[in-house]
Amino acid sequence: MAGIEREQRGKMQVIRLNMQDQTGRELARQYSALVTPTFIYLDAQGVEQWRQIGSIDPDRVSDSLDTP
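Here the structure is a predicted model, which is why all the values come from computation and not from measurement.

Enquirer: Is there a simple way to explain the packing of aromatic side chains in this structure?
Expert: Each aromatic ring pair is described using two quantities: the centre-to-centre distance and the angle formed by the ring planes. Counted by the stated rule, this structure contains one aromatic pair. Between the aromatic rings of Y41 and W50, the centroid separation amounts to 5.2 Å while the plane-to-plane angle is 0°, which identifies the pairing as stacked. Side by side, Y41 and W50 carry an identical accessibility label, which is buried.

Right, dumping it as structure tokens:
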């Protein structure tokens, strides 16, 4: 994830949540994230475009940023 953050700096915002604290638990419920790690890609309007459980594919992230 750190590599994606560096590579895509200025193109996207990465938010990391601790599922053990209150905010993390609330957002996990809101987004039905039952397994960690869960990566949820939201567009600029906050609409979920896709999610990935486990490891994340940097190419998928890059491709999603390049799609209007």
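Enquirer: I tried to follow a nonpolar patch on the surface on my own but got confused; where do I start?
Expert: A cluster of nonpolar residues, L34, V35 and I53, forms a patch on the protein surface that exposes about 340 Å² of accessible area. Relative to the helices and strands, L34 is located in the loop between α2 (22–30) and β1 (38–42).

Enquirer: Would you explain the nonpolar core in this entry?
Expert: Ranked by size, the top nonpolar core spans six residues in total: I4, F39, Y41, W50, I56 and V61. Residues within four places of I4 in sequence aside, it is in contact with M12, I56, P58 and V61.

Scoring rules and cut-offs
Residues numbered from 1 in each chain as written. Predicted model: local features only at pLDDT ≥ 70, side-chain atom pairs only at ≥ 80, totals over all residues. Heavy atoms only, no water. Phe/Tyr/Trp six-rings, centres within 6.5 Å; stacked < 30°, edge-to-face > 60°. Buried < 20%, exposed > 50% of the residue type's maximum accessible area, 1.4 Å probe, protein only. Patch = residues over 30% accessible without salt bridge, like charges linked within 9 Å, V, L, I, M, F, W, Y side chains within 5 Å. Areas by Shrake-Rupley, 256 points an atom, 1.4 Å probe, with all protein chains shown as cover. Salt bridge = Lys/Arg side-chain N within 4 Å of Asp/Glu carboxyl O. Helix = DSSP H or I, 4+ residues; strand = E, 2+ residues; numbered from the N terminus. Core = buried A, V, L, I, M, F, W, Y, C linked by side-chain atoms within 4.5 Å. Contact = heavy atoms within 4.5 Å.

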